[in-house]
Amino acid sequence: MELDFERCYRAVDSRDQRFDGWFYTGVTSTGIYCRPSCPAITPKRKNVRFFPSAAAAQGAGLRACRRCRPDAAPGSPQWDVRADVVGRAMRLIADGVIDRDGVPGLASRLGYTERHLHRMLSAEMGAGPLALARAQRAQTARILIETTDLGMAEIAFAAGFGSVRQFNDTLREVYASAPSDLRTARGRQRTAVGAGTITLRLAYRPPLHARALLDFLAVRALPGVEEVRDGTYHRGLRLPHGTGQVALTPADGHVAATLRLTDLRDLAPAVARCRRLLDLDADPVAIDATLAADPALAPAVAAEPGIRVPRSVDGFEVAVRAIINQQVSITSARTTLTRLLSHRVDHEVDEVDEDQIPGQPHDQRGGLRGFLGAEELLSLPDSAFGMPVGRRESLRGLARAVVDGSVDLAPGVDRGEAVRGLLALPGIGPWTANYLAMRAFGDPDILLSSDLAVRRGAAALGLPDTPTPLDRHAQRWRPWRSYATIRLWRTA
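> How should the overall build of the protein be read in this particular structure?
Secondary structure summary: the protein contains 23 helices and 9 strands in total. Computed over the C-alpha atoms, the radius of gyration of the protein is 23 Å, within 12% of the 23 Å expected from 2.2 N^0.38 for a compact globule of 492 residues. Principal-axis analysis of the C-alpha atoms places the extent of the protein at approximately 65 × 55 × 45 Å. In the protein, which comprises 492 residues, the proportion classed as buried is 57%. Surface summary for the protein: the accessible area is close to 20200 Å², and the carbon and sulfur share equals 51%.

> Explain unusual backbone geometry to me, please; I cannot follow it from the model alone.
If a residue is not glycine, its phi is most likely negative; likewise, a peptide bond is most likely trans. The omega torsion across P206 and P207 is 0 degrees, close enough to zero to call that bond cis. With respect to the helices and strands, the residue P207 is situated in the loop between β5 (197–203) and α11 (210–219). Following R478, the chain continues to P479 via a peptide bond in cis, the omega torsion being 5 degrees. Residue position: P479 is located in the loop between α22 (467–473) and α23 (481–491).

> How should helix α6 (residues 114–125) be read in this particular structure?
Along an α-helix, a turn takes 3.6 residues, which lines up residues three or four apart on a common side. Across its 12 residues, α6 extends 16 Å between first and last C-alpha, which sits within 8% of the 16 Å expected from 1.5 Å per residue. Within α6, burial applies to L117, M120, L121 and M125. Projected down its long axis, α6 shows its buried positions confined to an angular sector of 100 degrees, all on one face. Along α6, the residues that are exposed and aim more than 90 degrees away from the buried face are R115 and A123. Taken from the residues just after α6, G126 is the one with a positive phi, measuring 75 degrees.

> Before we go on, may I ask you to explain the nonpolar core in this structure?
As a rule of thumb, nonpolar side chains are buried together in soluble globular proteins. One finds L248, L259, V320, L422 and W477 to be the most contacted residues of the largest nonpolar core, which totals 116 residues. By residue number, the principal contributor to this core is helix α15 (residues 315–324), which donates 7 residues. In this view, V320 contacts L337, L340, F371, L377, L395 and L398; residues no more than four positions away in its chain are not counted. Grouped together as the second largest cluster of nonpolar side chains are 22 residues, I93, L106, A107 and L117 included.

> Explain the side chain of R396 to me, please; I cannot follow it from the model alone.
In this structure, R396 sits in helix α18 (residues 389–404). Not counting chain neighbours up to four residues away, the residues in contact with R396 comprise L377, L378, L380, P381, D382 and F385.

> Looking at this structure, I do not really get the sheet that holds strand β9 (residues 254–261). What am I missing?
For sheets, the rule is that strands pair by backbone hydrogen bonds, running either parallel or antiparallel. Across the sheet, 5 strands lie side by side as β5-β9-β8-β7-β6; this open sheet has antiparallel pairing. Only two strands of the sheet have a single partner each, and these edge strands are β5 and β6 (226–229). For this sheet, the mean inter-axis angle between neighbouring strands, taken without regard to orientation, is 20 degrees. Strand direction decides the pairing type here: β6 and strand β7 (residues 232–239), joined by 4 bridges, are antiparallel. Each bridged residue has a counterpart across the sheet, and for E227 the counterpart in β7 is H234. Packing against the sheet, α11 makes contact with β6, β7 and β8 (242–251), and its axis sits at approximately 135 degrees to β6.

Basis of the calculations
Residues numbered from 1 in each chain as written. Predicted model: local features only at pLDDT ≥ 70, side-chain atom pairs only at ≥ 80, totals over all residues. Heavy atoms only, no water. Helix = DSSP H or I, 4+ residues; strand = E, 2+ residues; numbered from the N terminus. Rg over C-alpha atoms; globule rule 2.2 N^0.38 Å. Buried < 20%, exposed > 50% of the residue type's maximum accessible area, 1.4 Å probe, protein only. Areas by Shrake-Rupley, 256 points an atom, 1.4 Å probe, with all protein chains shown as cover. Expected span 1.5 Å × (residues − 1). Arc of directions from axis to C-beta. Core = buried A, V, L, I, M, F, W, Y, C linked by side-chain atoms within 4.5 Å. Contact = heavy atoms within 4.5 Å. Pairing = 2+ DSSP bridges. Axes fitted to C-alpha atoms, helices over the stretch in contact; angles between N-to-C directions.

This is the structure:
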């Protein structure tokens, strides 16, 4: 990734937080690296180097600044826009694929050799896949050290390190401190609210229109899975090593997150999925500037800056919702989904349900649960579906495709290939596939021009309200047409 020195230095000199996560500032005279908005005195030009990733800065022998915490900066918004191999790899690394399956597993998911993948990531990010995963492990370990009372050995393995020695060496290298020193220095901020519970802040680039996010999620909330209450979004999670629950409360400059996990190895993927759900890595200033250039959208952008695209924590969940929502209202789809979930097989109560997140609502089993998995859906009887036979079989066809691997709904999927695979399934048309591309795959440039609510919103703004003319007009909104779709829905 090319980094223009003058542009980067101007961002650092003005402490522009919009560039946090885009690049990292290395200061050779002090041996540290910072986020662009670091409040410290601006370093001299001769002492500055710029890096495309925290891992690249660490590879140059620099440690993380203790003042601005560059490892906690929002992620780069380019991974939302980019659908190439590097973008897909970065999304999968954030979801913990290397920790679970190693670099061979990541390379296999992407369809490249390990050597070629290393070459591409090194060229773009200044570090290979292992170094990028190592930087993420260090951040996960720091969070656990500062927010829990776990022993260091437990933290080492929960964060994905292969040994305690590797854990100690990495944290000394990245933070210039022993793990025990990190706990001593930040211990007063530790909040013990139960075993397996972690509290942390999820940073974002302002502005963030939190009410729009919560409105979208609230009207679609499913009992027993999720709830919006008192300005906080609660939901259950299905994670690689177990289950979990999360409470997300938007605040000034961050989203407060309380995570309750059955297995702490799921911390990194849980954080990545929560960030993805709320679209916290977006660059709202760039998005709004493009949309506001259209006089028809300018008043809406000025009235509600920072609109995000509500995405997902589970691609299969969004796919099921999309199929059920075909040609019916949101209220009707919610009723059908609630009935479907009421028939799920009640397995042994998860450990996470025994001790609730403070303030979390309870269902009849004591806690919120993740959505149905594909295998669970296939086990349901016909009576559970409450819908036409064709739609029921579309859901089962989707579930079978997910189980046998012919359809991949993971965040690092090739978007074009995934959409083609979905369109090959009975009962899935362009609207459903594109809705999934926007919410499950994170494509920022989807306009659902055939959607009735989108057309009503367009008409209310004086825009064309039929698909072809609207598509032509929307070319000026690229590459942010997904955000325009959300704004048209709100207008409708």
